[in-house]
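Survey of secondary and tertiary structure
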Amino acid sequence: MIDEKLLIINDLKTAFSTSMGSVTVVDDVSLYIKKKETLALVGESGCGKSMTSLSIMQLLPVNGKIMNGEIIFNNHNLVELSDKEMSKVRGNDIAMIFQEPMTSLNPVLTIGDQITEGLLLHRKLSKKEAKDRAVALLKLVGFSRAVEVMKEYPHQLSGGMRQRVMIAMAMSVDPSLLIADEPTTALDVTIQAQILELMQELKEKFDTSILLITHDLGVVAEMADRVVVMYAGEVVEEADALSLFEDPSHPYTQGLIKSVPSLDVQQERLYSIPGTVPAPNEVTVGCRFAPRCAQAWERCSKEKPSLYQRKNGHQVRCFLYELGEGTNYNESGATHS
Amino acid sequence: MSNPNIKIDENTKTPIGSHKAIKGQSPFQLAFTRFRKNKGALIGLIILTLITLISIAAPILIQVDPSATDLYNTSAEPSSEKWLGTNDAGQDVFARLIYGGRISLLIGFATMMLTVLIGGTLGALAGYFGKWVDMVIMRLTDVLLTLPTLLMVLFLVALLERTNEWILIIALGCTAWASTARIIRSEFLSLREREFVLGAKAIGANDFYIIARHMIPNVLAPLIVAATLLVANMILVESALSFLGMGVPPTTPTWGNMLNEALNMRVIEEQPWLWVPPGIMVVLTVLCINFIGDGLRDAFDTKSTRR
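Residues numbered from 1 in each chain as written. Chains lettered and ligands numbered in written order. Predicted model: local features only at pLDDT ≥ 70, side-chain atom pairs only at ≥ 80, totals over all residues. Heavy atoms only, no water.

Considerations on the overall build of chain A
As a reminder, the rule being used: Note on conventions: DSSP H or I runs of at least 4 residues are helices, E runs of at least 2 residues are strands, and numbering of each starts at the N terminus. Note that the radius of gyration is over C-alpha atoms, with the globule rule given as 2.2 Å times the number of residues to the power 0.38. Working definition: with a 1.4 Å probe on protein chains only, accessible area under 20% of the residue-type maximum means buried, over 50% means exposed, and in between means partly exposed. Every residue pair with non-hydrogen atoms within 4.5 Å of one another is taken to be in contact. Positive residues here are Lys and Arg, negative ones are Asp and Glu, while His and the chain termini are left out of the count. Each charge is placed at NZ for Lys, CZ for Arg, CG for Asp and CD for Glu.
The helix and strand tally for chain A stands at 11 helices and 12 strands. The globule rule puts the C-alpha radius of gyration for 337 residues at 20 Å, and the 21 Å found for chain A is close to it. Each principal axis of the C-alpha atoms in chain A carries an extent, and together these give about 70 × 50 × 45 Å. Counting only residues that meet the buried cut, chain A has 54% of its 337 residues in that class. For chain A, the share of sequence-separated contacts (at least 6 apart) that also reach a separation of at least 24 residues comes to 62%. Charge separation in chain A, taken as the distance between the mean sites of 34 positive and 44 negative side-chain charges, equals 6 Å.

As for the side chain of Arg226(A)
All names here are of chain A. What counts is decided by this rule: Polar contacts here mean pairs of N or O atoms no more than 3.5 Å apart (in protein, one a potential hydrogen donor and the other a potential acceptor; neighbouring residues in sequence count only if both atoms are side-chain atoms).
Looking at the element boundaries, Arg226 is found in strand β9 (residues 226-231). Note on Arg226: relative accessible area 7%, which makes it buried. A distance of 2.5 Å separates a polar atom in the side chain of Arg226 from the backbone oxygen of Tyr32. Ignoring anything within four residues of it in the chain, the contact list for Arg226 reads Tyr32, Ile33, Lys34, Glu37, Thr38, Leu39, Ala40, Glu238, Ala239, Asp240 and Ala241.

Overview of the interface of chain B and chain A
The parts lose accessible area when they come together, and the size of an interface is often stated as this lost area. Spelled out, the test is: When a carboxyl oxygen of Asp or Glu lies within 4 Å of a side-chain nitrogen of Lys or Arg, that pair is called a salt bridge. Each residue is assigned to one of three groups, with Ala, Val, Leu, Ile, Met, Phe, Trp, Tyr, Cys and Pro labelled nonpolar, Asp, Glu, Lys and Arg labelled charged, and all others, Gly among them, labelled polar.
Listed by partner, the interface residues are 33 residues for chain B and 42 residues for chain A. Inspection of the region where chain B meets chain A yields 2 salt bridges. For the salt bridge of Asp113(A) with Arg213(B), the shortest nitrogen-to-oxygen distance reads 4.0 Å. With 7 residues, helix α10 (residues 195-203) of chain B is the largest single contributor of residues to the side of chain B that touches chain A. Residue composition of the side of chain B that touches chain A, by class: 15 nonpolar, 11 polar and 7 charged.

Brief notes about unusual backbone geometry
All names here are of chain A. Its identity is not glycine, yet Asp28 carries a phi of approximately 50 degrees, on the positive side. Within the fold, Asp28 resides in strand β2 (residues 21-34). Looking at Asp28, the relative accessible area reads 37%, which means it is partly exposed. Look at Lys36: it is not a glycine, yet its phi comes out positive at around 65 degrees. Here Lys36 shows up in the loop between β2 and β3 (38-42).

A short note on the layout of surface pockets
We count it as follows: Residues are said to line a cavity or pocket when one of their atoms sits within 4 Å of a point; the points come from a 1 Å grid over protein atoms alone, cavities being sets where a 1.4 Å probe fits but cannot get out and pockets being open sets with protein on both sides within 12 Å along at least five of seven lines. Grid points are joined across faces, edges and corners, and a volume is the space filled by probe spheres set on the points.
Quantified by volume, the largest pocket comes out at close to 1,400 Å³. Lining the largest pocket are 42 residues, and of these Gln58(A), Leu59(A), Leu60(A), Arg90(A) and Lys201(B) sit closest to its centre. Those elements giving two or more residues to the lining of the largest pocket turn out to be α1 (49-57), β4 (64-73), α2 (83-89) and α3 (111-122) of chain A together with α5 (93-129), α10 and α11 (207-243) of chain B. Top contributing element to the lining of the largest pocket by residue count: α2(A), with 5 residues. For the lining of the largest pocket, a count of residues per class yields 19 nonpolar, 10 polar and 13 charged.

Focus on the pattern of salt bridges
Residue and element names in this part refer to chain A. Counted according to the given criterion, the structure contains 20 salt bridges over all chains. As a salt-bridge pair, Glu238 and Arg226 come within 2.9 Å of each other at their nearest N and O atoms. Within this pair, whereas Glu238 is found in strand β10 (residues 234-240), its partner Arg226 is found in strand β9, the two being separated by 12 residues in sequence. You'll find Glu238 and Arg226 in the same group, each marked buried. One network of salt bridges, in which partners are shared, links Lys13, Asp27 and Arg288.

Details of the UniProt feature "domain: ABC transmembrane type-1" (unreviewed entry) in chain B
Inclusion rule: UniProt positions are given in the numbering used here, feature names are shortened, and annotations may be inferred rather than shown by experiment.
In the numbering used here, UniProt assigns the feature "domain: ABC transmembrane type-1" (unreviewed entry) to residues 101-293 of chain B. Along residues 101-293 of chain B, the helical share is 84% and the strand share 0%, with 20 Å between the first and last C-alpha atoms.

A short note on the UniProt feature "transmembrane region" (unreviewed entry) in chain B
Residues and elements named next belong to chain B. Mapped onto the present numbering, the UniProt feature "transmembrane region" (unreviewed entry) falls on residues 41-62, 103-128, 140-160, 166-184, 219-237 and 273-293. Summarising residues 103-128: 100% helix, 0% strand, and an end-to-end C-alpha distance of 36 Å. A helix fraction of 90% and a strand fraction of 0% characterise residues 140-160, whose end C-alpha atoms lie 23 Å from each other.

Here we look at the UniProt feature "domain: ABC transporter" (unreviewed entry) in chain A
The feature "domain: ABC transporter" (unreviewed entry), as annotated in UniProt, sits at residues 7-257 of chain A in this numbering. Here residues 7-257 of chain A is 39% helix and 28% strand, with 27 Å between the C-alpha atoms at its ends.

Quick notes on the sheet that holds β2(A)
Residue and element names in this part refer to chain A. This is how it is decided: Any two strands with at least two DSSP bridges between them are considered paired. A fitted line through C-alpha atoms represents every axis, and for helices the fit uses only the stretch in contact; the resulting angles, taken between N-to-C directions, go from 0 to 180 degrees.
One open sheet accounts for 4 strands, arranged β2-β1-β4-β5; its pairing is antiparallel. Since the sheet does not close on itself, it has two edges, and those belong to β2 and β5 (76-77), each with one partner. Across 8 bridges, strand β1 (residues 5-18) lies against β4 in antiparallel orientation. Residue Ala15 lies in a different strand from β4, and its bridge partner there is Lys65. Its contacts with the sheet put α1 on β1, β2 and β4, and the angle it makes with β1 is roughly 110 degrees.

Comments concerning the packing of aromatic side chains
Here is the rule we go by: The aromatic pairing rule takes the rings of Phe, Tyr and Trp, using the six-membered ring of Trp, and pairs them if the centres are within 6.5 Å, calling planes under 30 degrees apart stacked, those over 60 edge-to-face and the rest tilted. Here, a charge over a ring is recorded when the distance from Lys NZ or Arg CZ to the ring centre is within 6 Å and its angle to the ring normal is within 35 degrees.
Within this structure, the stated rule accounts for 7 aromatic pairs over all chains. Considering the side-chain rings of Tyr308(A) and Phe319(A), the 6.4 Å spacing of their centres and the 45 degrees angle between planes classify their relative orientation as tilted. Of this pair, Tyr308(A) sits in strand β11 (residues 308-309) while Phe319(A) is found in the loop between β12 (315-316) and α11 (333-336), placing the two residues 11 residues apart along the sequence. Ring plane angle 85 degrees and centroid distance 5.0 Å describe the contact between Tyr128(B) and Phe129(B), whose orientation is recorded as edge-to-face. The ring of Tyr32(A) carries Lys5(A) above its face, with NZ or CZ at 4.2 Å from the centroid. The ring of Tyr32(A) is capped by Arg226(A), whose NZ or CZ atom sits 3.9 Å from the centre of that ring.

The structure is reproduced here in C-alpha cells:
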C-alpha cells in the first residue's frame, strides 16, 4: 500500500474499575490512521471516543485501564511502553489539543512559558532558540503581536486565541499525529470555522495526521478524510467521509445525520434519535443500538452483529448489511434469523 | 485572509478592550494591586516591617547588653535613662524588649518556613499521587492534628531536657505542618483534575516537573495566606511556651519569657512596665500579621475582583 498507516489500533478494550465493578468504556475498537490523513471519531457524549484518545496517549484516569488490544504507532506498541518511554512519545510524536481552551492553559504561567515547554522538554533547544521558535509559531497561528503575547497570561486572551495558543503548543514539536479532542466545541461558531481552517492549514504545512474527536457532523464534513462512528464503546460504522454522508448505513449514523438542523428542508421539529445511550455498565446481549433502532427485529436483541464489509472499506455493524454488497434495508431480513 | 479577526486587531490598533492597560500582569501582580488598596493590610505591613527592621537593627540601636545584670539597680521604675526600668535582675527592660523581637520573629518566620516546607511537600505528594501515598500522609496528619501542638512541644522539650530557639523551631516545625499539608493536599486534589495538568502530561512532562512547574505556582496563593497566619500563630505559641518557662531560656530575651516575669503577683500589680510592653508587642505583631493575612486572602480571592 502506498498509504502508509501511522497508527493502528487493534481490538482495544479499555475499562474502568468502579464501585459497581469493571465497566468497559471502549469495547474492541479497531481503527487506523494513515499518514497525512484526518480521521474523525464521531459519537455522542459517553460513547468512548475521548477514552479511545486517552488510551492512545496512555493518559487514562487512575481507575481506567487498557484490558486488551494493541496500539501500534510507528511500529511500536504503545500499550507495552513503560511510562518513561511513553513520555518521550507524548508531546513529541503525538500531541493533543483539548476541548476547553479556558482551562487547558495554566493560569499562572505566561503563554511563552507554556509554548516553549514541549520544545525544551523534547528538543535540545536553548531558551533563546525555543523562544524564537515559539514566536514564529504564534505568528503562524495568527497572532500579529506574537512577541507581546509571549509575555501575557491566559486570562488576557479570548477563548479563540487560547485555542490558537493550544494549537501552537501542540504543533511546536512537529508531531506526526495530532489528537484534537473536540477542539472547537467550546468556541462560538465564527471562531470555530477559523480554528478548523487553521488546523487544516497547519496539517498541510507540517504533514501531520489528525485524529479529530467530535460530535459535530459539520466539523466532520469540513475536516475529515475518513470517519469512524462510535456508539456505546463500539465502532458501528467506518467509511470515507464522502460515502458516510452520501450513504450513511448504520441506523445510528442515519439518525445522527438526520438530527443535524438543515436550512434547506422545512422542519417543524428537529429529528432526535429516540431513547438514550445505554449506561456503560448495562450488560447488553445483542446490538447495543437495538433498543433505540426503528429497524430492529428480534435477532438484534439476541445476537451481536459484527462489522460487515461494504464497498471501499465501508464497514457497518448491522445485520441489515450481513449479506454484503447491494443489500440494504429490507424487511425480509427477519426471515434470515 | 485566514485569520480575519486578528488582522482587524492589528489594523485598527484596538486589541481586545483594555488589553494595553493590564499587559503582562501575572495573577500575582494583579493580587498585589488589590492588596495595596486594602488599608488595614497595608498599615499592618508597614508596622510589621518597622518592628522587623528595629529588631534586626537592635545591636546598632541599643548599646546596652540586654542580658547584663545590675544588682545595684533592680526593679527600677522607668526613667529617662532606663525607659522601661529594670527587672528584678537589674536588666534593662527596654533593651530586652527590642532584642526580644529578634527571637520571637525569628521563631515565627523560621518555623513558618519549616512548616511550609514539610507540610507543603507532604501535602503536594499526597494530593498528587493519591492512593497509598495519600493514605499514609493523611493518617500521619490526623494523628498530629489530634495532639495539641503546645503539648507536643512541651513533651519534646521535656524529653530533650534543654531548650534553645533552634530546638524550638525544629520542634514546632515538626508538629505544626499538618494543617498546611491538608490545605495543599486539597488544593492539589482539585488541581490534579484540571485540564492543563492533563495537557502538561500530554506534552510528555513527568510527575515532578508537573508538580513543581504547574501545580505549586497555582497553590502559592493559599499557601502564602496560610503561611502568614502561621507566623502569627507560631509567635503566640513561642510566647506561651516561654511564659510557661519551657521556651527559650531566660538568658536570651524573648517577648514570651519577659511575660514569664509576670507570673509574680507583685509584678503584675506594681510593675506593669515589665509585662505590658512585651504583651503589647506580641498583640501588635500578631494583629499586624493577621491583617496582612486577611488582606492577602482577599487579594488572591478572584471572586473579590468584582468589588
